[in-house]
Number of protein chains: 2
Amino acid sequence: MTSTTGAAEERLARAALTRIFEPGDESGGAWLRQYGPREVLARLTTPDEGTGARRGWLGEVGERRLAGYRARAATARPERDLAAVAALGGRFVCPGDQEWPSQLDDLGAAAPIGLWVRGGPDLRLWALRSVAVVGARACTPYGAHMAAGLGAGLAERGWVVVSGGAFGVDAAAHRGALAAGGATVAVLACGVDVVYPRGHAELIARIAEQGLVIGELPPGDHPTRSRFILRNRVIAALTRGTVVVEAQYRSGSLVTARSAQRLGRHTMGVPGPATSGLSAGVHELLRGEGVLVTDAAEVAELVGDIGDLAPPRTGPVLPRDLLDPVGARVLEALPGGGTADVRQLATAAGTTPDEALGKLYELHSLGFVERRGDTWRPAFLAAEPVATRRGGA
Amino acid sequence: MTSTTGAAEERLARAALTRIFEPGDESGGAWLRQYGPREVLARLTTPDEGTGARRGWLGEVGERRLAGYRARAATARPERDLAAVAALGGRFVCPGDQEWPSQLDDLGAAAPIGLWVRGGPDLRLWALRSVAVVGARACTPYGAHMAAGLGAGLAERGWVVVSGGAFGVDAAAHRGALAAGGATVAVLACGVDVVYPRGHAELIARIAEQGLVIGELPPGDHPTRSRFILRNRVIAALTRGTVVVEAQYRSGSLVTARSAQRLGRHTMGVPGPATSGLSAGVHELLRGEGVLVTDAAEVAELVGDIGDLAPPRTGPVLPRDLLDPVGARVLEALPGGGTADVRQLATAAGTTPDEALGKLYELHSLGFVERRGDTWRPAFLAAEPVATRRGGA
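No experiment lies behind these values; they were computed from the predicted model shown.

**Q** Tell me about the overall build of chain A, and name the residues and values.
**A** The number of helices and strands found in chain A is 17 helices and 12 strands. With 393 residues in all, chain A has 53% of them scored as buried. In chain A, 73% of the contacts between residues at least 6 apart in sequence involve partners at least 24 apart.

As structure tokens, then:
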């Protein structure tokens, strides 16, 4: 089948291009949109015959940058990268895939070429009901307390907690969600097989098991200052809103918040003492467009408004018979009128608690189930929908 | 002169009515607007001849309340009250007076009948450039620190700091202004000769000396719960904006802030830890219309916008030759191109430092002078104005 082969080649080309273009490279992004990944990769790997005229549109970026692209293109081995991530139980997700979170396309030419993903759950479904909680690495005990509380409280309300896997606020938010038996996604500024910071080896492994670890950079790539900054736009675009817990003036978390604002996502901040430099950036945000929030209920109230990213709460976006087999079994295991916890559902559906939890969050995004504390129950469905959304299924 | 006698009689009637109607009594306020203070007082002091029909419009409020009005009217002794306040160096200011802060009329039927005033400065001129700083009595050290900083910082920028003379945030704001050699006004919920709370005897005496102590209630009257609450509307209406420093849910400070909002004044709040119950009310305010502020510069920036209450900053509202003699001498004492401190100006103008300071704040409201730290200098005047505002002079 030509189209399947075409799709596979395109995926391979995108995987290669994640090693060639830095995250957010808008020249690369524009070429990709205009010529497609296979053509861009082919041009970059075809030897230049020495005249500027022959370079054609590649010449737009100037001699030096082009030489850099070509050098990296010459060493790109996408099959090896795909195998390396597959060995970790991961995959490469790109535009055109069912799992691609299409809200990332809001980033235009700066949209990710694709995402390297570790973890079982469906990224698109999780991202539909996700909130980012970000903030200072060197946060205060107050900041850590608030981040952990938000992480747990959002998880308890069925929201997926997205953060950057860093020390401080990020870690507290991830841990809060994990501790509440909830869903969390770490968006890294390095390969998903690279442990950064080193001290977070266990945390990131746990997120990969219970949630998702994702990033734009291919296996083995390390973070740089600009990669950290550009990573923030992915967090902002992926989620329905960003909460900044503690941030100094001009911090990376404010970059995330401003991206979120520009993308039309909700931007929120947790206040702190006016005397604390670590709250100064948050207060600056709150003096602008940001909304002050003090707990998970207030965050959920804001992002829970019916928006274009999440399915309306009244019904699912996928017909029940298009669910994947495990998802269908978990849903079937739910008692019609009552509630059940993850362990009960995992046993009944013949799977692990981690997989069952992942499926429950997917089912939640789809509007089939609701979470109440530690238990899950069927959502009230007015009617079974007939159409799918975003070309899904 | 009949009109002077009329004005004096009207003032006497208003003074008597402050003892008869509780602050904010809208029935009394409506009568006052319709029939004038002399007529209302005359009706209340004329014995009722026993038939409901004869009571006419007084009957609107019902038997019991009317009996209360009559009982209080029978014992009102306005000449004695005026003498008592005069003995403290005070006065009674009411609508029609040059010193009446006409923005209080924004309160409609709930506007004060008049204000009992202790202290030298001109209330109307001070109120033109004033900001309220209010908050919890049982504030935290953080709240006291912020209130004192705002009081001092606003005073240093030439703003008059208005508060309620209570423990906690109010006291810290007054003291901050006083410590910076600035202008402050205490709006009491009792007679201006009553010391409440007792522990503030010295503070209130100092405010009466260096600033203004004002209130709606006649000499000797004590505060009640409802008087505290109704006092807040005067603080809100008098000032260009209200800053709430620490406040629990449903606290009196929030009442002030909401009044300010309804009156179109700026409403501001100082954030605090989301974990602090004493910041919960402020955060609630900031999730609504309130603007988050963290220091005096941010407050001044907001309330400093040209508005209908304050004269534009580019020039005075009164021609120089209509200034009172002491004000004129203080202005004259200012070196043309340079700056001077209060002590120097007092000496040069032949008055006390306290009076000189009061005049400087009046001159500031009128646009003649600017404050820079501890010194004063002439404001840059593009042109001498020819017209007065608000029918002044």
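Now that the structure is up, let's keep going.
**Q** Tell me about the interface of chain A and chain B, and name the residues and values.
**A** The interface of chain A with chain B comprises 14 residues on the first partner and 14 residues on the second. Broken down by secondary-structure element, the contributors of at least two residues to the side of chain A that touches chain B are helix 8 (141–156), helix 13 (277–287) and strand 9 (291–292) of chain A. Broken down by element, the side of chain A that touches chain B gets its largest block of residues, three residues, from helix 13 of chain A. When grouped by side-chain class, the residues that make up the side of chain A that touches chain B number nine nonpolar, four polar and one charged.

**Q** Residue-level account of the environment of Gln 98 of chain A, with values.
**A** Residue and element names in this part refer to chain A. Counting through the fold element by element, Gln 98 comes out in the loop between strand 1 (90–93) and strand 2 (115–118). Given 12 C-beta atoms within 10 Å, Gln 98 falls into the exposed group. Remark: the alpha-carbon pair of Gln 98 and Ser 130, spanning 32 residues in sequence, is separated by 18 Å.

**Q** Which residues make up the relation of the copies chain A and chain B, and what values go with them?
**A** Rotating chain A by 180° about the axis while translating it 0.0 Å along that axis superimposes it on chain B, leaving an RMSD of 0.0 Å. The operation mapping one copy onto its partner corresponds to a two-fold rotation axis. Judged by C-alpha distance, Gly 272 of chain A is the residue of chain A that lies nearest the rotation axis, at 2.3 Å. Both copies present the same face, since 100% of the interface residues in chain A are matched by interface residues at the equivalent positions in chain B.

**Q** An account of the sheet that holds strand 5 (residues 184–188) of chain B is needed here, citing residue identities and associated values.
**A** Residues and elements named next belong to chain B. Within the open sheet, the nine strands sit side by side as 1-2-6-5-4-3-7-8-9. Their pairing is mixed. Two strands bound the open sheet, and with one partner strand each, they are strand 1 (90–93) and strand 9 (291–292). Taken together, the four bridges between strand 5 and strand 6 (residues 212–215) define a ladder with parallel strand orientation. Its bridge partner lying in strand 6, Val 185 is registered against Leu 212. Of the strands in this sheet, strand 1 and strand 2 (115–118) touch helix 6 (residues 78–87), which is tilted by about 135° from strand 1.

**Q** Any details on the sheet that holds strand 9 of chain A? Residues and values, ideally.
**A** Residues and elements named next belong to chain A. The strand order across the open sheet formed by nine strands is 1-2-6-5-4-3-7-8-9, and the pairing between neighbours is mixed. One side of each edge strand has no neighbouring strand; the edge strands of this open sheet are strand 1 and strand 9. Here strand 4 (residues 160–163) runs beside strand 5 (residues 184–188); their pairing, made up of three bridges, is parallel. Each bridged residue has a counterpart across the sheet, and for Val 161 the counterpart in strand 5 is Thr 184. Here helix 9 (residues 169–179) sits on the sheet in contact with strand 3 (130–134), strand 4 and strand 5, set at roughly 160° to strand 4. Its contacts with the sheet put helix 13 on strand 7 (241–244), strand 8 (266–269) and strand 9, and the angle it makes with strand 8 is roughly 135°.

**Q** Can you break down the pairing of strand 3 (residues 130–134) of chain B residue by residue, with the values?
**A** In terms of residue burial, strand 3 of chain B counts as a mostly covered element, since five of its five residues are buried. Between strand 3 of chain B and its parallel partner strand 4 (residues 160–163) of chain B, the chain crosses via helix 8 (residues 141–156) of chain B, and the hand of that crossover is right-handed.

**Q** An account of unusual backbone geometry is needed here, citing residue identities and associated values.
**A** As a rule of thumb, non-glycine residues mostly have phi less than zero, and peptide bonds are mostly trans rather than cis. All names here are of chain A. Cis geometry is adopted by the peptide bond preceding Pro 197, which originates at Tyr 196 and carries an omega value of -5°. Here Pro 197 shows up in the loop between strand 5 and helix 10 (201–210). Unlike most non-glycine residues, Arg 250 shows phi in positive territory, near 60°. As for its placement among the helices and strands, Arg 250 is situated in the loop between strand 7 and helix 12 (252–262). Judged by the 10 C-beta atoms lying within 10 Å of it, Arg 250 falls in the exposed class.

**Q** A description of helix 16 (residues 342–349) of chain B should follow, citing residues and the corresponding values.
**A** All names here are of chain B. Buried within helix 16 we find Val 342, Leu 345, Ala 346 and Ala 349. In a view along the axis of helix 16, the buried residues occupy a sector of 100°, so they form one face of it. Its buried side turned inward, helix 16 meets helix 15 (325–333), strand 10 (340–341), helix 17 (353–365) and strand 12 (375–378). Positive backbone phi, at 70°, marks Gly 350, one or two positions downstream of helix 16.

**Q** Just give me the short version of helix 15 of chain B, but keep the residues and values in it.
**A** Residues and elements named next belong to chain B. For helix 15, every residue scored as buried is listed here: Gly 327, Val 330 and Leu 331. Down the axis of helix 15, the buried set is contained in an arc of 100°. They therefore lie on one face. Relative to its buried face, helix 15 has exposed residues pointing more than 90 degrees away, namely Pro 325 and Glu 332.

**Q** So what's going on with the environment of Glu 362 of chain A? Which residues, and what values?
**A** The topology assignment puts Glu 362 of chain A in helix 17 (residues 353–365). Glu 362 of chain A sits 181 residues away from Gly 181 of chain A along the chain, and the two C-alpha atoms are 15 Å apart.

**Q** Go over the pairing of strand 12 (residues 375–378) of chain A, please, and point to the residues and values.
**A** All names here are of chain A. Examined bridge by bridge, strand 10 (residues 340–341) and strand 12 share two bridges and lie antiparallel to one another. Bridge pairing links Asp 341 to Thr 375 in strand 12. When strand 11 (residues 369–372) meets strand 12, the two strands line up antiparallel, connected through four bridges. Along strand 12, the bridge assignment pairs Val 369 with Pro 378. Hairpin connection between strand 11 and strand 12: a loop of two residues separates the two successive antiparallel strands, and Gly 373 in this loop has a positive phi of roughly 60°.

**Q** Go over the confidence of the model for chain A with me, naming the residues and quoting the values.
**A** Residue and element names in this part refer to chain A. Within chain A, residue pLDDT values average 88, and 90% of them lie at 70 or more. A low-confidence stretch, residues 306–317 stays under pLDDT 50, and its non-local contacts, those more than four residues away or across chains, total 32 contacts. In this model residues 381–393 is a low-confidence stretch, pLDDT under 50, and it forms 22 contacts with partners more than four residues away in sequence or in other chains. Under the prediction, the complex receives an ipTM of 0.76, its pTM being 0.81.

**Q** Break down the packing of helix 2 (residues 26–35) of chain A against helix 3 (residues 37–45) of chain A for me, with residues and values.
**A** Residue and element names in this part refer to chain A. Between helix 2 and helix 3, whose axes approach to 7 Å, the crossing angle comes to 120°. Considered as vectors, helix 2 and helix 3 are oriented oblique to each other. On the side of helix 2, the interface is formed by Trp 31, Leu 32 and Tyr 35, while helix 3 contributes Pro 37, Glu 39 and Val 40. Tallied by class, residues from the contact of helix 2 with helix 3 come to five nonpolar, no polar and one charged.

Cut-offs applied
Chains are numbered independently. Their residues run from 1 in the order of the written sequence. Here every chain gets a letter starting at A, and every ligand a number starting at 1, in the order they are written. Side-chain atom pairs in this predicted model are given and counted only at pLDDT of 80 or more, local residue features only at pLDDT of at least 70, and totals for whole chains, interfaces and linings cover all residues. A run of H or I in DSSP becomes a helix once it reaches four residues, and a run of E becomes a strand once it reaches two; helices and strands are each numbered from the N terminus. With C-beta atoms placed from the backbone, a residue is labelled by how many other C-beta atoms lie within 10 Å of its own: buried for 20 or more, exposed for 12 or fewer, partly exposed between the two. With C-beta atoms placed from the backbone, a contact is any residue pair whose C-beta atoms sit within 7 Å. Classes in brief: Ala, Val, Leu, Ile, Met, Phe, Trp, Tyr, Cys and Pro nonpolar; Asp, Glu, Lys and Arg charged; the others, Gly included, polar. C-alpha atoms of residues with pLDDT of at least 70 in both copies form the basis for the least-squares superposition of the copies. Here, any two strands with at least 2 DSSP bridges between them count as paired. Axes here refer to lines fitted to C-alpha atoms; in helices the fit is confined to the stretch in contact. Angles between the N-to-C directions go from 0 to 180 degrees. With its strands directed away from the observer, a crossover is right-handed exactly when the path from the first strand over the helix to the second travels clockwise. The directions from the helix axis to the C-beta atoms are what the arc is built from. Here pLDDT means the predictor's own confidence in every residue, given as a number from 0 to 100. Angle categories are assigned with fixed cut-offs, so that under 35 degrees is roughly parallel, over 145 is roughly antiparallel, 65 to 115 is roughly perpendicular, and the rest are oblique.

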